[in-house]
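Architecture and fold: a report
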Amino acid sequence: MTYAFEKLIAEGVKGLVPYVAGKPMSELEREYGVKDIVKLASNENPLGPGEAAMQAVTNGVGDLGFYPDGNGFELKAKLSEHHNVEPDAITLGNGSNDVLVMLAETLLTPRDEAVFSQYSFAVYYLATQATGARSVIVPALDGNHSTPLGHDLEAMVAAVSERTKLVFVANPNNPTGTWLDGESLKSFVGSIPSHVIVVIDQAYVEYADDPAYEDAVPWIQDFRNLVVTHTFSKIHGLAGIRSGYSVSHPELASLLNRVRQPFNMNSLAQDASIAALGDNAHVERSKDVNKQGLLALQECCDHLGLPYIPSMCNFLLVDFGKPAEPVYEALLRQGIIVRPVGNYGLPNHLRISTGTLEQNQRLISALEAVIKTND
Ligand SMILES: *Cc1c(COP(=O)(O)O)cnc(C)c1O
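A brief report on the enclosed structure follows. (Residues numbered from 1 in each chain as written. Predicted model: local features only at pLDDT ≥ 70, side-chain atom pairs only at ≥ 80, totals over all residues. Heavy atoms only, no water.)

Here we come to empty space enclosed by the protein. One pass over the full model with this rule turns up one cavity of 30 Å³ or more. In this structure, the largest cavity spans a volume of roughly 40 Å³. Together, Gly50, Ala53, His236, Ala276, Asp279, His282 and Val283 line the largest cavity. Among the residues making up the lining of the largest cavity, the classes are represented as three nonpolar, three polar and one charged. (1 Å grid on protein atoms, 1.4 Å probe; cavity = no way out; pocket = protein on both sides within 12 Å on 5 of 7 lines; lining within 4 Å. Points joined across faces, edges and corners; volume = space filled by probe spheres on them. Nonpolar A, V, L, I, M, F, W, Y, C, P; charged D, E, K, R; others polar.)

Structure (structure tokens):
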């Protein structure tokens, strides 16, 4: 007898499809039998974690019998120093994804709306829909704009209604790599009514090196309705351990604390994050590797006549001018995993993360071969 599970689920969840992650290397190995795989699909740090973070994990293993510090005292103290904010402005998450979900759970009901841009991070939609609230997706800037596929801030302000409770902005944004200058973004935040919480997702903040870019954390002094999220998954190379956080007004942080799972950040994640915060050398090294990687990728695309979106992140969104799935498949057969973005409504693009020199070289050679045989 069949059982109608589909009928049981919450309204908002009905239309959802699960998040599509980059293909794990082990899966490619199982399915295609290829070895020596290069994964440039999930914007991970090709250097991995720094020595200090790895040592902290090793040291912490003996304490795994204990529950973690549910309040993350030490990590919050470090972050408080790092950002020059009060420790109680910080909310820790099992990845920043967890904080984004907490924000949605705390603020949204089926009567409410969340506003975000087309081609912005997939989790905003998932977190919003799961609460039964309505996602108001604002069309992105077109291909001819100076930041093609980027956020249209004016249109986003216009999309805010009485029902809006949350606005998500990724700066810089994934999967496009586009970014907003500090001045424009700050005046955007100022023009959002105070009954709306604005989330600025800074997952790639450490890579953003344009002088017009601004870290939004200090703005929480000016805007009580502002939340800024960060992650240890990207430049710190700790995607596997799950660690992220937000900085906001302490009262908002205390509201998030009501829905937060009591031990949502595991002890190894806390230990590793503390160590990573103190390891500037690793961050600098990672930035350098990324800069070289972006240059190499851009050069390759220029050479092959493939347009791409200017990026301030650790990836490049490349336009193949026709469905990119065959290129993705051909790269897989060569043991290289990049990211199709058809689920973002970008079937002609692939998102390619930067790797080490060697990995970039393999990607570039493979891409050249694939493009030549496909033409
Ligand atoms: C990678 C990424 C995150 C980080 O997610 P974690 O849950 O911290 O791993 C958040 N926002 C954006 C835009 C990202 O690309």
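Taking burial as the measure, the five residues of strand S8 (residues 244-248) include five buried ones, the bulk of the element. The two faces of S8 match: Gly244, Ser246 and Ser248 on one face and Tyr245 and Val247 on the other face are all buried. In terms of strand pairing, strand S2 (residues 90-93) meets S8 through four bridges, oriented antiparallel. Residue Thr91 lies in a different strand from S8, and its bridge partner there is Ser246. Both strand S7 (residues 226-231) and S8 contribute to a ladder of five bridges, which runs antiparallel. Looking across to S8, one finds that Val228 is bridged to Val247. (Buried < 20%, exposed > 50% of the residue type's maximum accessible area, 1.4 Å probe, protein only. Helix = DSSP H or I, 4+ residues; strand = E, 2+ residues; numbered from the N terminus. Pairing = 2+ DSSP bridges.)

It is worth spelling out the layout of surface pockets at this point. There is about 550 Å³ of room inside the largest pocket. Taken together, 27 residues make up the lining of the largest pocket; nearest its centre are Tyr19, Ser42, Phe121, Lys234 and Arg242. Classifying every residue of the lining of the largest pocket by side-chain character gives ten nonpolar, ten polar and seven charged. As a volume, the second largest pocket reaches approximately 350 Å³. As for the second largest pocket, its lining consists of 18 residues, and the residues nearest its centre are Ser120, Ala122, Tyr125, Asn343 and Tyr344. Within the residue set of the lining of the second largest pocket, elements represented by two or more residues are strand S3 (113-117) and helix H7 (122-130). Ranked by residue count, the leading element in the lining of the second largest pocket is H7, at three residues. For the lining of the second largest pocket, the residue count by class is 13 nonpolar, five polar and no charged.

Okay, the sheet that holds S3 next. Taking strand neighbours across the sheet as the criterion, the seven strands line up as S2-S8-S7-S6-S5-S3-S4 in an open arrangement whose pairing is mixed. Either end of the sheet is taken by a strand with one partner, and the two such strands are S2 and strand S4 (134-138). Going from strand to strand, the sheet's axes swing by 20° on average, the running direction of each strand aside. Across the sheet, helix H5 (residues 73-83) is in contact with S2, S7 and S8; its angle to S2 comes to roughly 125°. (Axes fitted to C-alpha atoms, helices over the stretch in contact; angles between N-to-C directions. Contact = heavy atoms within 4.5 Å.)

Another point: the pattern of salt bridges. Within this structure, the stated rule accounts for eleven salt bridges. A salt bridge links Glu113 to Arg134; the nearest nitrogen and oxygen atoms lie 3.3 Å apart. Of this pair, Glu113 sits in strand S3 while Arg134 sits in strand S4; the two residues are 21 residues apart in sequence, bridging distant segments of the chain. We classify Arg134 as partly exposed; its relative accessible area is 49%. Several salt bridges share partner residues, and in doing so they unite Lys23, Glu27 and Glu31 into one network. (Salt bridge = Lys/Arg side-chain N within 4 Å of Asp/Glu carboxyl O.)

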